[in-house]
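One-letter residues, chain by chain:
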Amino acid sequence: MQFMLLFSRQGKLRLQKWYVPLSDKEKKKITRELVQTVLARKPKMCSFLEWRDLKIIYKRYASLYFCCAIEDQDNELITLEIIHRYVELLDKYFGSVCELDIIFNFEKAYFILDEFLLGGEVQETSKKNVLKAIEQADLLQEEAETPRSVLEEIGLT
Amino acid sequence: MPAVSKGDGMRGLAVFISDIRNCKSKEAEIKRINKELANIRSKFKGDKALDGYSKKKYVCKLLFIFLLGHDIDFGHMEAVNLLSSNKYTEKQIGYLFISVLVNSNSELIRLINNAIKNDLASRNPTFMCLSLHCIANVGSREMAEAFASEIPRILVAGDTMDSVKQSAALCLLRLYKTSPDLVPMGEWTSRVVHLLNDQHMGVVTAAVSLITCLCRKSPDDFKTCVSLAVSRLSRIVSSASTDLQDYTYYFVPAPWLSVKLLRLLQCYPPPEDAAVKGRLVECLETILNKAQEPPKSKKVQHSNAKNAILFEAISLIIHYDSEPNLLVRACNQLGQFLQHRETNLRYLALESMCTLASSEFSHEAVKTHIETVINALKTERDVSVRQRAADLLYAMCDRTNAKQIVSEMLSYLETADYSIREEIVLKVAILAEKYAVDYSWYVDTILNLIRIAGDYVSEEVWYRVIQIVINRDDVQGYAAKTVFEALQAPACHENMVKVGGYILGEFGNLIAGDPRSSPLVQFNLLHSKFHLCSVSTRALLLSTYIKFINLFPETKPTIQEVLRSDSQIRNSDVELQQRAVEYLKLSSIASTDVLATVLEEMPPFPERESSILAKLKKKKGPGAVNELEEGKKEPNSELNGGVEPTASSTTSTPSPSADLLGLRAAPVVGSTAPGAGNLLVDVFSDTPAASTALASEDDDNFLSTGGAAVGASASEDLPIAEADELLNKFVCKNNGVLFENQLLQIGVKSEFRQNLGRMYLFYGNKTSVQFQSFTPTVTYPGDLQSQLNLQTKPVHPIVEGGAQVQQVLNIECLEDFEEAPLINIKFRYGGTLQNITLKLPITINKFFQATEMPSQDFFQRWKQLCLPQQEAQKIFKASHLMDSEVTKAKLLGFGSALLENVDPNPDNYVGAGIIQTKSVQVGCLLRLEPNHQAQMYRLTLRTSKESVSRQLCKLLAQQF
């Protein structure tokens, strides 16, 4: 996989993950072009399209579009299920995930994605194993922060 | 999972995000962001040292701002500081920031690498994974340099945790993709293969991706993975849907792993071991069988996962192309999908069937679905699906269904989306030509193309129809009549005017007998379009007019008047003005005989590859069309690759630089040579190929006997090494001095196009004394006679002192070759016989046709050419200065295209092209990797033909 983009129906980018080196300018151009192309497609259309020399696989979940770019020899249907599994992971973690969760906890969305996909390839498909890794990290976070965050929030530090 | 801990760590961040979301306008948002940036900047610059938590919070805010699309030019240092925090969550944010916002600031990279190094060494699996993720996300060369040797160790170490292994495998894959030269192969590679046996499914899933990538590079080193992959696949395929627990996805056992394993197997030919092969065939059959079983769930995820495996299995079956039974079953399965209610499945079935159509085993089975596919072209609502349908029709076309398919595509063209019209036009043009039985159908089809989609008909298409009409006299009358009728339309496309103008200029006489299309009617019809046309079309029409004067003397006054008018003879366009002036003069001065000679009917065009096919190839890159062409070479091969030659071998002569319709300048021929004046006639001498070895094989020694029989110093037989040296000089260039001694200088000039070439040899007598019995003879060492066809014309046996004579060689490459042809030159100088034998600088790369392609295509093709015998590689010491401009010039001279921005390492060179021979075309990819430190090069050639890879590699390696 070359990259994954999450964007809203209004065309706002919510998450971007690039697995190939590209300049910021190129990334912005690609994003603009793809968001426009995908949003212009009608609901019953096929989830795959050829774009430049890549294949774009996309699927809409509520207000969010998930969009992956894969190479010519990659498998379209399994990519569609990569998207679905990622949605399931987010859903399980946030408890019926919505766009807002991803906006406010974007860093978590990235962490979960890194556990699931690495370098554009599927790393771990077991939902349990992925969430276990994230859960462990959360535990570490709580241990580290509970004592100090109270002080911090009332501005004593 | 408790919902409490989600992001509550940073309330400041949540507040900031809410603020941004509440902004009513873009301006307000920018204002809020600038305020925040100023705040963060002052915090970072402030005297008070920030604690880890605040640093984390601000870095996270910066990241959010960046992800909104704003530039961030500070904060990198603070993020790097977070990396060395011992608090997991701070470290994690630091890594995230680096992953998203890395720039190759060398100072920072050093610090980042340092932090990563510490985490890798920490033996804390969570930290190790974080750092591996970071390397995989950034994947820069600097990181590869720092860690490429460490990660393999982590990957195969016995005590590494599973999760770390998974990350290490994919991290290594990323580094290998960006900097393959930095990843050392070694003992670890064999152990990596055995990860296919790992108990942990996640480890296998990650490892297969790495192994697949490594296999593509060096299939031989990883051969053992085939049997391991087959047995793993077999275990998954035969397991019940619950056996694999969390690795079962909607009742499908391990779909991701299955797909990856099937992909891995596509790097290899079918397994040789019968047991392994049997087991694999069994797997493939089981997968096909499962497709027929009722679904275990109604969820689309179930059917997607199941079909993902099915399609990958079909890809493997097509890749093997050796199991007729499986191929036909695959085709039937896809046939069912063609009418499935899911658009996605219809799309994929059409796509997959395209490749099946090119297999001789399944071509017929694919053809049975023609009606469904035509229906898809007409009724699918999604243009991307219609495009697949058009592709499939093109792929399944053969002589039996060509008329139907072409007419369906033509009618689709009337409503086709603009984005795909040009491609459809090319496809129709190719099919019409390839499968034309009667050429009137072909002419009709192309004229229809111009009528329906004139704007999308490229030069190649209308050039080609003219070529064919000129070469086939049985269709000329029909063509003239048809274009005449087509031009009657009140609004006709300019391309129609071009074709009409050209054809009537050549063959208007064939319909002039009918008063409805008398010469003057024809002229008036054409001239009525004249003013609406562009300059190039007008220029063409002016030529038609002068041809008319020749064909129909009665039109002369009318046409002369037109030519004489100010709008022609004083036209502001130089080309038009010149034509008008010259044609007017020609028509008034020249006698009818001269006019008839000058304007004689066009000679037949040389037979060669259709220029349209070349264009489609250019669009798709080599291979794509090639495969299609070659795949369909049925035994009874009644396909016309182009038009059949109209006359005997004399017509199949090269005319390297003449453009199709002679609209541009004709090739300039060296004028020093005697008889060069009528070169165009002479060059195509009717010397039969076999008698190329010229007459005088009379008295003396010939090659083998060397100079022994003759007086001292007379023989110049070069020792073979030296001759090779000489040849090397000409591998990357076409002109120069081939040989020189005190008596004789031989210059060479050559040009090549497609599989044809023409070489001019200039023999210069450096003395003031006549050479007598001057006899050059071409000989073919080894098998060359059947690989290369050379035609020469004898030169005059006397070469005067100080004079230069020229000899022309016409060259046709029949198939790829290794040996260069030899030329033996014998002459008498002052009573002694001189005997010189040289290699002619004709090497296989001369028949290279450069091909441009994007990076994506290059790598895909590169991967496709994965068989060991398709690759030739040489590692060698540089014998010249390693200058990149010189290297580029050499590669271009060698004939391949030089592709920029393909290789991730800008120091490397990659090139692509097609070797054109009469019998086959061989797609070639090359890669040259210099190592300046070691003063070495590594050169890799991949082509579809072993001998070509080897020979090209050998030739090119001697150039640097």
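All of the points below concern the structure found in this document. Worth saying up front: this structure is predicted, and the values here are computed from it rather than measured.

### Points about the overall build of chain A
Along chain A, the regular secondary structure elements total five helices and seven strands. Secondary structure elements of chain A, listed N to C terminal, follow the sequence β-β-α-β-β-β-α-α-α-β-β-α. Across the 157 residues that make up chain A, the buried fraction comes to 61%. Long-range contacts, defined as pairs at least 24 residues apart, comprise 47% of the intrachain contacts of chain A with a sequence gap of at least 6. Put simply, chain A shows about 6500 Å² of open surface, and 54% of that area lies on carbon and sulfur atoms.

### Some details on the overall build of chain B
Within chain B, the regular secondary structure consists of 41 helices and 16 strands. Burial statistics for chain B: of 960 residues in total, 57% are counted as buried. Contacts spanning at least 24 positions in sequence make up 69% of the contacts within chain B whose residues lie at least 6 apart. With an accessible surface of roughly 40100 Å², chain B has 51% of that area assigned to carbon and sulfur atoms.

### Some points on the interface of chain A and chain B
Reports often express the size of an interface as the amount of accessible area lost when the parts come together. Between chain A and chain B, the contact holds 72 residues from the first and 83 residues from the second. For the pair chain A and chain B, the summed buried area comes to about 6800 Å², and 53% of that belongs to carbon and sulfur atoms. Counting every contact that joins chain A to chain B gives five salt bridges. Among the ionic pairs, Lys863(B) bridges to Glu71(A), the shortest N-O distance being 3.6 Å. Counting every contact that joins chain A to chain B gives 28 residue pairs in polar contact (both at pLDDT 80 or more). Take the side of chain A that touches chain B: its biggest share by element is 14 residues, from helix H5 (residues 127-153) of chain A. For the side of chain A that touches chain B, the class distribution of residues is 25 nonpolar, 14 polar and 33 charged.

### Focus on the pattern of salt bridges
Two side chains bearing opposite charge may form a pair once their charged atoms approach each other closely. Residues and elements named next belong to chain B. Applying the stated criterion across every chain, the model contains 47 salt bridges over all chains. Residue glutamate 187 pairs with arginine 191 through a salt bridge whose shortest N-O separation is 3.6 Å. Note that glutamate 187 and arginine 191 are positioned in helix H11 (residues 187-193) at a spacing of four residues, about one turn of the helix. On the basis of relative accessible area, arginine 191 is assigned to the partly exposed category, the value being 39%. Across the pair lysine 378 and glutamate 408 runs a salt bridge whose closest N-O atoms are separated by 3.5 Å. Note that lysine 378 is positioned in helix H20 (residues 370-379) and glutamate 408 in helix H22 (residues 402-413), a separation of 30 residues in sequence. According to the relative accessible area criterion, glutamate 408 is buried, its value standing at 16%.

### Regarding the environment of Phe827(B)
Residues and elements named next belong to chain B. For phenylalanine 827, the position within the fold is in strand S9 (residues 822-829). Of the residues examined, phenylalanine 827 reaches a relative accessible area of 1% and is grouped as buried. Taking the C-alpha atoms as reference, phenylalanine 827 lies 4.3 Å from phenylalanine 774; in sequence the two are 53 residues apart. When near neighbours in sequence (up to four residues on either side) are disregarded, phenylalanine 827 contacts Leu743, Leu744, Phe771, Gln772, Ser773, Phe774, Thr832, Leu833, Gln834 and Ile836.

### Considering the environment of Trp862(B)
Residue and element names in this part refer to chain B. Within the secondary structure layout, tryptophan 862 lies in helix H39 (residues 855-864). Exposure remark for tryptophan 862: the relative accessible area of 8% places this residue in the buried category. With sequence-adjacent residues up to four places away left out, tryptophan 862 is seen in contact with Leu925, Leu926, Arg927, Thr940 and Arg942.

### Describing the nonpolar core
One finds Tyr86(A) and Leu449(B) to be the most contacted residues of the largest nonpolar core, which totals 275 residues. Beyond its immediate sequence surroundings of up to four residues, Tyr86(A) is in contact with Met4(A), Leu6(A), Leu15(A), Phe66(A), Ala109(A), Ile112(A), Leu113(A) and Phe116(A). Core analysis: the next-biggest nonpolar cluster, separate from the first, contains 60 residues, Phe739(B), Cys924(B), Leu926(B) and Phe960(B) among them.

### Topic: the side chain of Glu121(A)
Here Glu121(A) shows up in strand S7 (residues 121-122). Summary of buried charges: Glu121(A) has no salt-bridge partner, and the nearest side chain of opposite charge, Lys260(B), is 4.0 Å away. Not counting residues within four places of it along the chain, the set of residues in contact with Glu121(A) comprises Phe116(A), Leu170(B), Leu173(B), Lys177(B), Ser209(B) and Lys260(B).

### Comments concerning the sheet that holds strand S3 (residues 736-740) of chain B
Residue and element names in this part refer to chain B. Ordered in space as S3-S4-S5-S8-S7, the five strands form an open sheet in which the pairing is antiparallel. Bordering the open sheet on either side are S3 and strand S7 (788-792), each of which pairs with just one other strand. Each strand of the sheet is rotated relative to its neighbour by a mean of 25°, with strand direction disregarded. Relative to strand S5 (residues 756-765), strand S4 (residues 744-753) runs antiparallel, the two being bridged by 10 bridges. Each bridged residue has a counterpart across the sheet, and for serine 750 the counterpart in S5 is methionine 759.

### Some points on unusual backbone geometry
Positive phi is not limited to glycine here, since Ala62(A) has a value of about 50°. Mapped onto the secondary structure, Ala62(A) falls in the loop between strand S4 (54-61) and strand S5 (64-70). Judged by relative accessible area, Ala62(A) falls into the exposed class, the value being 68%. Even without a glycine there, the phi angle at Tyr250(B) is positive, about 45°. Examined against the element boundaries, Tyr250(B) turns out to sit in the loop between strand S1 (248-249) and strand S2 (252-253). Judged by its relative accessible area of 21%, Tyr250(B) is partly exposed.

### Considerations on the packing of helix H15 (residues 274-292) of chain B against helix H16 (residues 300-320) of chain B
All names here are of chain B. Look at H15 against H16: their axes get within 10 Å of each other, and the N-to-C directions meet at 135°. It follows from the interaxial angle that H15 and H16 lie oblique. Both H15 and H16 take part in a crossing whose hand is left-handed. For the pair H15 and H16, contact is made by Leu280, Leu284, Ile287, Leu288, Lys290 and Ala291 and by Lys306, Ile309, Leu310, Ala313, Leu316, Ile317 and Tyr320, respectively. Residue classes in the contact of H15 with H16 are distributed as 11 nonpolar, no polar and two charged.

### Points about a positive patch on the surface
Together, Lys42(A), Lys44(A), Arg341(B) and Arg381(B) give the surface a local cluster of positive charge. Considering the arrangement of structural elements, one finds Arg341(B) in the loop between helix H17 (324-337) and helix H18 (343-357). Residue classification places Arg341(B) among the exposed positions, given a relative accessible area of 72%.

### What about the packing of aromatic side chains?
Residue and element names in this part refer to chain B. Applying the stated criterion to the full structure yields 31 aromatic pairs over all chains. Ring geometry for phenylalanine 523 against tyrosine 545: centres 4.8 Å apart, planes inclined by 70°, an arrangement best described as edge-to-face. Placement of the pair is phenylalanine 523 in helix H28 (residues 519-530) and tyrosine 545 in helix H29 (residues 535-551), with a sequence separation of 22 residues. Taken as a pair, phenylalanine 523 and tyrosine 545 share a single burial class, namely buried.

### Looking at the packing of helix H1 (residues 11-22) of chain B against helix H2 (residues 26-45) of chain B
Residue and element names in this part refer to chain B. H2 packs onto H1 with a crossing angle of 155° between their chain directions and a minimal axis gap of 8 Å. Comparing the axis directions of H1 and H2 gives the class roughly antiparallel. By crossing handedness, the relation of H1 to H2 is classed as right-handed. For the pair formed by H1 and H2, the contact residues are Phe16, Asp19 and Ile20 on the first element and Glu29, Arg32, Ile33 and Glu36 on the second. Here the residues of the contact of H1 with H2 are counted per class, giving three nonpolar, no polar and four charged.

Analysis parameters
- Residues numbered from 1 in each chain as written.
- Chains lettered and ligands numbered in written order.
- Predicted model: local features only at pLDDT ≥ 70, side-chain atom pairs only at ≥ 80, totals over all residues.
- Heavy atoms only, no water.
- Helix = DSSP H or I, 4+ residues; strand = E, 2+ residues; numbered from the N terminus.
- Buried < 20%, exposed > 50% of the residue type's maximum accessible area, 1.4 Å probe, protein only.
- Contact = heavy atoms within 4.5 Å.
- Areas by Shrake-Rupley, 256 points an atom, 1.4 Å probe, with all protein chains shown as cover.
- Buried area = accessible area lost by both parts, 1.4 Å probe.
- Salt bridge = Lys/Arg side-chain N within 4 Å of Asp/Glu carboxyl O.
- Polar contact = N/O pair within 3.5 Å; in protein donor to acceptor, adjacent residues only side chain to side chain.
- Nonpolar A, V, L, I, M, F, W, Y, C, P; charged D, E, K, R; others polar.
- Core = buried A, V, L, I, M, F, W, Y, C linked by side-chain atoms within 4.5 Å.
- Lys, Arg positive; Asp, Glu negative; His and termini not counted.
- Pairing = 2+ DSSP bridges.
- Axes fitted to C-alpha atoms, helices over the stretch in contact; angles between N-to-C directions.
- Parallel < 35°, antiparallel > 145°, perpendicular 65-115°, else oblique.
- Left-handed = near helix turned anticlockwise from the far one by under 90°.
- Patch = residues over 30% accessible without salt bridge, like charges linked within 9 Å, V, L, I, M, F, W, Y side chains within 5 Å.
- Charge placed at Lys NZ, Arg CZ, Asp CG, Glu CD.
- Phe/Tyr/Trp six-rings, centres within 6.5 Å; stacked < 30°, edge-to-face > 60°.

Fair warning: the whole summary comes from geometry, so function is off the table for now.
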